[in-house]
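# A structural walkthrough
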There are 2 protein chains.
Amino acid sequence: MTVKAATRLYVEADLGAGVPLALGAPQTHYLRNVLRLEAGAAIALFNGRDGEWLGRVQELGRNSGTVLVEELSREQVPEPDLWLVFAPIKRARIDFMVEKATELGVGAFRPVLTRRSVVDRINTERLGAVAIEAAEQSERLSVPSIAEPVKLDRFLAGWPEGRRLILCEETGLAPPIAEALSGIEKGVPAAILIGPEGGFEESELDAIRQYPFVTRAGLGIRVLRADTAALAALAVFQALNGDWGQRRHRP
Amino acid sequence: MTVKAATRLYVEADLGAGVPLALGAPQTHYLRNVLRLEAGAAIALFNGRDGEWLGRVQELGRNSGTVLVEELSREQVPEPDLWLVFAPIKRARIDFMVEKATELGVGAFRPVLTRRSVVDRINTERLGAVAIEAAEQSERLSVPSIAEPVKLDRFLAGWPEGRRLILCEETGLAPPIAEALSGIEKGVPAAILIGPEGGFEESELDAIRQYPFVTRAGLGIRVLRADTAALAALAVFQALNGDWGQRRHRP
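### Quick notes on the overall build of chain A
Scanning chain A for helices and strands turns up seven helices and 12 strands. In chain A, buried positions account for 42% of the 251 residues. The contacts of chain A with a sequence gap of at least 6 include a subset with a gap of at least 24, amounting to 79%.

As structure tokens, this is what we get:
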């Protein structure tokens, strides 16, 4: 079957052949009023667990609709287990960072409060919507999770065993990121840590470096904004240690 | 001397010890009303040619001011000769891309018109201001140039000898970027080519691939927006073939 899906939607429900799927008001509105789809239109569906499925619109009412799930179009494949650990930044920049990091394959956003953090809250609901839209557009099979901010020292004290933390330093003292990544076994769970605008405090940086799960990495000779550093480190990670060695599925 | 500069400004004039520098209205306004500097304040200056200099504010009037250039603080060093060749995109995204790409060390922005280009103009004045501000903040010693858009086929027909063009494909058929870059000699002039939203037309892609100066590269299994692809490719280039092998000068 080479049906062209009109769009690609993330849903929470289980997916399988013959499953009828109830759409909420926002998705119904999007299909009906933005894309102007009608009964019979094919759309792609994913939920982060069951692969991607083709479904067929059955009904689009004013506030609800149904889709019949028909056929598996892509198997669920494991994705790199990669966290982005970052200090919250201002609204436009954090939205942009979440969008781009989702495209680049982040599995979880883990905001942390550092000593120089200026912003101490994030809107997980808004950022969740940004992540879902980016996942839908990027043909990902999952949506990254977004946690509430926690204090960095507490977060590191409870660090999960077996996960590597790549500390992006702007001190000029850390090995270049390509060299740093070559020391990390491919496929192990990893996290990228980006400091706040203005950087970590020196004593804070010292404390982070003491942890045995930390790999220090430098991002070149220019000063990068926090969001630029996050995207750059993610791209280099995916190219060298992540899944960019694979070639893209072509729909 | 370990004077801490209050800010860092890009200027067009030649820089050298004892040179008096006239400031225009926007820079005077910034120093006087935004930073609230007074006579005697130290600022850093660069022009892309003479390295970075420390200067001292002499006078800040309503619309003009003067700075006395005092001492060289950083030698001018060669930067990677790296172009970003891209199809113009919408305003918020292009501003963001220019800011980030400037931090990532792009030497020249070369917009091109492709068959599926939707936007066919750019505001070089506004983007120039974005690039200057990003260069000032990133501690670069130069500001990237921004050209007017030209048709892609004409641009490639007049391609400069000795410059490698890295064609970022989303076909799933190109070698992963890390592998592709390993085939390019380090230090040769290079350019990264990113297609428009929606991608190149198939016949357009075929024509690009025929050129002997083209290296094809893939950016993984997810679909990236044009601006994400540009930043990701630049970061990987700098990490593997550019100047991220060097450690950062620490002011």
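### Observations concerning the relation of the copies chain A and chain B
Placing chain A over chain B gives an RMSD of 0.0 Å and needs a rotation angle of 180 degrees, together with 0.0 Å of translation along the axis. Here the two chains are linked by the operation of a two-fold rotation axis. Among all C-alpha atoms of chain A, that of Val-236 of chain A lies closest to the rotation axis, at 2.5 Å. Interface overlap between copies: 100% of the residues of chain A at the interface are likewise at the interface in chain B, consistent with a symmetric, same-surface contact.

### Notes on the pairing of strand β2 (residues 20–23) of chain A
Residues and elements named next belong to chain A. Burial of β2 is one-sided: the residues Leu-21 and Leu-23 facing one way are buried, the residues Pro-20 and Ala-22 facing the other way are not. Summarising the sheet, β2 and strand β5 (residues 65–74) pair through four bridges and their orientation is antiparallel. Its bridge partner being in β5, Pro-20 is matched across the sheet by Leu-68.

### A short note on the domain arrangement of chain A
All names here are of chain A. Each assigned domain of chain A is listed here: domain 1 (8–74) and domain 2 (82–240). Counting residues per element, the side of domain 1 that touches domain 2 draws most heavily on strand β1 (residues 8–10), which supplies three residues. When grouped by side-chain class, the residues that make up the side of domain 1 that touches domain 2 number three nonpolar, two polar and three charged.

### Some details on the packing of helix α2 (residues 91–103) of chain B against helix α7 (residues 226–240) of chain B
Residues and elements named next belong to chain B. In contact at an axis separation of 10 Å, α2 and α7 are set at 5 degrees when each is read in the N-to-C sense. One finds that α2 runs roughly parallel with respect to α7. Across from Arg-93, Phe-96, Met-97, Lys-100 and Ala-101 in α2, the residues of α7 making contact are Asp-227, Ala-230, Leu-231 and Leu-234.

### A short note on the sheet that holds strand β3 (residues 42–46) of chain A
All names here are of chain A. One open sheet accounts for five strands, arranged β1-β3-β4-β5-β2; its pairing is mixed. At either margin of the open sheet sits one strand with a lone partner, and together these are β1 and β2. If you compare each strand with its neighbour and ignore which way they point, the axes differ by 40 degrees on average. Relative to strand β4 (residues 52–60), β3 is paired through five bridges, and the arrangement is antiparallel. Paired with Ile-43 across the two strands is Gly-55, which belongs to β4. Relative to β4, helix α1 (residues 25–34) is tilted by about 80 degrees, and along the sheet it contacts β1, β2, β4 and β5.

### Structural notes on the interface of chain A and chain B
With 39 residues of chain A at the interface, the matching set in chain B holds 39 residues. Put simply, the parts of the chain that give the side of chain A that touches chain B at least two residues each are α2 (91–103), α3 (124–138), α5 (177–182) and α7 (226–240) of chain A. Element by element, the count of residues in the side of chain A that touches chain B is highest for α7 of chain A, at eight residues. Classifying every residue of the side of chain A that touches chain B by side-chain character gives 16 nonpolar, 12 polar and 11 charged.

### Quick look at the environment of Glu-71 of chain A
All names here are of chain A. Tracing the backbone through its elements, the reader meets Glu-71 in strand β5. Looking at Glu-71, the number of C-beta atoms within 10 Å reads 12, which means it is exposed. Put simply, Glu-71 and Cys-168 are 97 residues apart on the chain and 43 Å apart in space, counted from C-alpha to C-alpha.

### Examining the environment of Pro-144 of chain A
All names here are of chain A. Along the chain, Pro-144 falls in the loop between α3 and β8 (145–146). Overall, Pro-144 belongs to the buried group, with 24 C-beta atoms counted inside 10 Å. Note: C-alpha distance between Pro-144 and Gly-24 (120 residues apart in sequence) is 21 Å. Not counting the four nearest positions on each side in its chain, Pro-144 is found in contact with Thr-102, Val-106, Gly-107, Ala-108, Phe-109 and Ala-131.

### Details of the confidence of the model for chain A
In this model, chain A carries a mean pLDDT of 93, and residues with pLDDT of at least 70 account for 97%. With a pTM of 0.94, the predicted complex shows an ipTM of 0.93.

### Some points on unusual backbone geometry
Non-glycine residue Arg-36 of chain A carries a positive phi angle of around 55 degrees. Tracing the backbone shows Arg-36 of chain A in the loop between α1 and β3. Although it is not a glycine, Glu-139 of chain B adopts a positive phi angle of roughly 65 degrees. Looking at the secondary structure, you find Glu-139 of chain B in the loop between α3 (124–138) and β8 (145–146).

### Overview of the sheet that holds strand β3 (residues 42–46) of chain B
All names here are of chain B. With mixed pairing, five strands are arranged side by side in an open sheet as β1-β3-β4-β5-β2. In this open sheet, the two edge strands, each paired with only one partner strand, are β1 (8–10) and β2 (20–23). In this sheet, adjacent strand axes meet at a mean angle of 40 degrees when their direction is disregarded. Relative to β3, β1 runs parallel, the two being bridged by three bridges. Residue Tyr-10 lies in a different strand from β3, and its bridge partner there is Phe-46.

Rules used throughout
- Residues numbered from 1 in each chain as written.
- Chains lettered and ligands numbered in written order.
- Predicted model: local features only at pLDDT ≥ 70, side-chain atom pairs only at ≥ 80, totals over all residues.
- Helix = DSSP H or I, 4+ residues; strand = E, 2+ residues; numbered from the N terminus.
- Buried ≥ 20, exposed ≤ 12 C-beta atoms within 10 Å, placed from the backbone.
- Contact = placed C-beta atoms within 7 Å.
- Least-squares fit on C-alpha atoms with pLDDT ≥ 70 in both.
- Pairing = 2+ DSSP bridges.
- Domains from an automatic or database assignment.
- Nonpolar A, V, L, I, M, F, W, Y, C, P; charged D, E, K, R; others polar.
- Axes fitted to C-alpha atoms, helices over the stretch in contact; angles between N-to-C directions.
- Parallel < 35°, antiparallel > 145°, perpendicular 65-115°, else oblique.
- pLDDT = per-residue confidence, 0-100.

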